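As a plain string of letters, each chain reads:
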Amino acid sequence: MKKLMTITAILYFILAGCSPQKMHTYDTSRVEEAVGSLSFDPQVPTEIPFEPSDIQVDTPEMGEGKMLAIQYFSEGNESFLFRAINENENALDFTTEDIEISESQQGRYGENGDLKTLRWENDEVIYEVFANDDISKSQLLKVARKAEAIK
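Residues numbered from 1 in each chain as written. Predicted model: local features only at pLDDT ≥ 70, side-chain atom pairs only at ≥ 80, totals over all residues. Heavy atoms only, no water.

### Details of the nonpolar core
- By size, the foremost hydrophobic cluster in this structure holds 32 residues, and its most contacted members are Tyr72, Phe80 and Phe82.
- When residues of this core are traced back to their parent elements, those giving at least two are α2 (29-36), β6 (65-74), β7 (79-85), β8 (97-102), β10 (115-122), β11 (125-131) and α3 (137-145).
- Apart from residues no more than four positions distant in its own chain, phenylalanine 80 is found in contact with Ile48, Pro49, Phe50, Ile70, Gln71, Tyr72, Val129, Phe130, Ala131 and Val143. (Core = buried A, V, L, I, M, F, W, Y, C linked by side-chain atoms within 4.5 Å. Buried < 20%, exposed > 50% of the residue type's maximum accessible area, 1.4 Å probe, protein only. Helix = DSSP H or I, 4+ residues; strand = E, 2+ residues; numbered from the N terminus. Contact = heavy atoms within 4.5 Å.)

This is the structure in structure tokens:
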């Protein structure tokens, strides 16, 4: 009986470690306000890989237009930056790997030290997600796959 319980416990922990991480929704009201100030309608993540404790939204000037920048933070020091740009491409591009975001959407992924980035373009808007080692490549893909227009 003791052996069966031990095997069951080990299998439980193995399966729990292999299960996909849960994505979390968040209040998009601050993001909606910022999107209203842009001259384009970007898609934004509707689900992220952790429960956010803070979200910072900015729309800095970029050339002739603006960029949407959203920084997500968790209580456990996880964070990532999501950006949408329709004017200029980012000169900081260390993506090296073609990656499929969906059947109809291709992107590029890269790592530079502990910084990871995922880039893709949709309807003349360039999207970028930057994260450190706390966020995995598969989590970045989930963020990209959960990006949609908000109104």
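What follows picks up the thread again.
### What to know about unusual backbone geometry
- Of note in the backbone geometry, aspartate 123 takes a positive phi value of approximately 50° without being a glycine.
- Mapping aspartate 123 onto the fold places it in the loop between β10 and β11.
- The phi torsion at glutamate 124 lies on the positive side, around 65°, for a residue other than glycine.
- Within the secondary structure, glutamate 124 sits in the loop between β10 and β11.
- Looking at glutamate 124, the relative accessible area reads 66%, which means it is exposed.

### Looking at the packing of aromatic side chains
- Applying the stated criterion to the full structure yields 6 aromatic pairs.
- Both rings, one in phenylalanine 82 and one in tryptophan 120, keep their centres 6.4 Å apart while their planes meet at 50°; by these two values the pair is tilted. Here tryptophan 120 lies in strand β10 and phenylalanine 82 lies in strand β7, a separation of 38 residues in the sequence.
- You can call phenylalanine 82 buried: its relative accessible area is 0%.
- Here tryptophan 120 falls in the buried class, since its relative accessible area comes to 6%.
- The interplanar angle of 35° and the centroid separation of 6.0 Å between the aromatic rings of phenylalanine 82 and tyrosine 127 together place this pair among those described as tilted. In this pair, phenylalanine 82 sits in strand β7 while tyrosine 127 sits in strand β11, placing the two residues 45 residues apart along the sequence. With respect to burial, phenylalanine 82 and tyrosine 127 carry one shared label: buried.
- Through successive ring pairs, a cluster of aromatic residues spans Tyr26, Phe50, Tyr72 and Phe80. (Phe/Tyr/Trp six-rings, centres within 6.5 Å; stacked < 30°, edge-to-face > 60°.)

### Observations concerning the pattern of salt bridges
- Applying the stated criterion across every chain, the model contains 6 salt bridges.
- Put simply, glutamate 47 and lysine 146 hold a salt bridge, and the shortest N to O gap is 4.0 Å. In this pair, glutamate 47 is assigned in strand β3 (residues 47-48) and lysine 146 in the loop between α3 and β12 (147-149), connecting sequence segments 99 residues apart.
- Across the salt bridge formed by arginine 119 and glutamate 128, the nearest N and O atoms sit 3.0 Å from each other. In this pair, the class of arginine 119 matches that of glutamate 128, namely buried.
- Connected through shared salt-bridge partners, Arg83, Arg119 and Glu128 make up one network. (Salt bridge = Lys/Arg side-chain N within 4 Å of Asp/Glu carboxyl O.)

Shape is all these values report; function is a separate question.
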